[in-house]
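Okay, here's what each chain looks like letter by letter:
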Amino acid sequence: QVQLLQSGPGLMKPAQTLSLTCAISGDSVSSSSAAWNWIRQSPSRGLEWLGRTYYRSKWYYDYTVSLKNRLSINSDTSKNQFSLQLNSVTPEDTAVYYCARDYYDSSRYSLGFDYWGRGTLVTVSS
Amino acid sequence: DIVMTQSPDSLAVSLGERATINCKSSQSVLNSSNNKNYLVWYQQKPGQPPELLIYWASTRGSGVPDRFSGSGSGTDFTLTISSLQAEDVAVYYCQQFYSTPRTFGQGTKVEIK
């Protein structure tokens, strides 16, 4: 059974850097059958995909264009986890942040986000 | 970006009756190389993350009751709950996996009438 355990602060001040970590159990961050994603959810923007990392002989990182200048996703094979860093946060970054696994079958076709972390409510306020 | 639009925003259905949710994508999410529609449906209950219900537009996820079914192809998709149960009260989202960014619909809230 795959489990994703999220950790990170819940309260941030504007201009700070948000750092969240998603620890994986039951799978590997370097699995060739998975991609590891960050998604956030807010009343104003709904569910918003932020980016992902995956390993296919080398590491790949994809980001949503609107956050590309502020967002960084990293993978740590020694701890079997991946992380998100969002620079210069503003109140508009207030949201519940989720990590999720995107699973690929034996034919390398994505089946969707089948496992999710429980979510971290991040509030940006002065 | 592919824009996903769901309708209606909310609906109230009597217990045991059918609920139908529509999802339209701004461009086709059909992968012609494998003839699969890269469309997923999720169910989200309050305080919980979304849970995968249907992938490839019509394949039920593991453990998903057979009262949930998905249909459609190209740009138009439907999630049907054949006989609404009390535990089905939730918000339902569609999402496309055809390209990045992986965009979601705005959600449809299902309640009991």
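Residues numbered from 1 in each chain as written. Chains lettered and ligands numbered in written order. Predicted model: local features only at pLDDT ≥ 70, side-chain atom pairs only at ≥ 80, totals over all residues. Heavy atoms only, no water.

## Examining the sheet that holds strand 3 (residues 19–25) of chain B
Residue and element names in this part refer to chain B.
Phase 1: The four strands are arranged 1-3-10-9 in an open sheet whose pairing can be described as antiparallel. Strands with a single pairing partner mark the edges of an open sheet, and in this sheet they are strand 1 (4–7) and strand 9 (68–73). In this sheet, adjacent strand axes meet at a mean angle of 20° when their direction is disregarded.
Phase 2: Judged from the six bridges that link them, strand 3 and strand 10 (residues 76–81) form a sheet pairing that is antiparallel. What sits directly across from Ala19, in strand 10, is Ile81. (Pairing = 2+ DSSP bridges. Helix = DSSP H or I, 4+ residues; strand = E, 2+ residues; numbered from the N terminus. Axes fitted to C-alpha atoms, helices over the stretch in contact; angles between N-to-C directions.)

## A look at the interface of chain A and chain B
Phase 1: Chain A puts 20 residues into the contact, and the matching count from chain B is 19 residues.
Phase 2: Counting across the chain A and chain B interface gives one salt bridge.
Phase 3: Asp102(A) serves as the salt-bridge partner of Arg102(B), at 3.6 Å between the closest nitrogen and oxygen.
Phase 4: Run the count over chain A and chain B and you get seven residue pairs in polar contact (both at pLDDT 80 or more).
Phase 5: Elements with a minimum of two residues in the side of chain A that touches chain B: strand 4 (34–42), strand 5 (46–55), strand 9 (95–104) and strand 10 (110–116) of chain A.
Phase 6: With six residues, strand 10 of chain A is the largest single contributor of residues to the side of chain A that touches chain B.
Phase 7: Of the residues contributing to the side of chain A that touches chain B, the split by class is nine nonpolar, five polar and six charged. (Contact = heavy atoms within 4.5 Å. Salt bridge = Lys/Arg side-chain N within 4 Å of Asp/Glu carboxyl O. Polar contact = N/O pair within 3.5 Å; in protein donor to acceptor, adjacent residues only side chain to side chain. Nonpolar A, V, L, I, M, F, W, Y, C, P; charged D, E, K, R; others polar.)

## Points about the pairing of strand 7 (residues 51–55) of chain B
All names here are of chain B.
Phase 1: Among the five residues that make up strand 7, four are buried, leaving the element largely enclosed by the rest of the structure.
Phase 2: In this sheet, strand 7 lies alongside strand 6 (residues 39–44) in antiparallel orientation, the contact comprising three bridges. Bridge pairing in strand 7 links Tyr42 to Leu52.
Phase 3: Counting the residues between successive antiparallel strands, the hairpin from strand 6 to strand 7 contains six residues, one of them, Gly47, with a positive phi of roughly 75°.
Phase 4: Strand direction decides the pairing type here: strand 7 and strand 8 (residues 59–60), joined by two bridges, are antiparallel. The partner of Ile54 across the bridge, within strand 8, is Arg60.
Phase 5: Between strand 7 and the antiparallel strand that follows it, strand 8, lie three residues; Trp56 among them carries a positive phi value of about 50°. (Buried < 20%, exposed > 50% of the residue type's maximum accessible area, 1.4 Å probe, protein only.)

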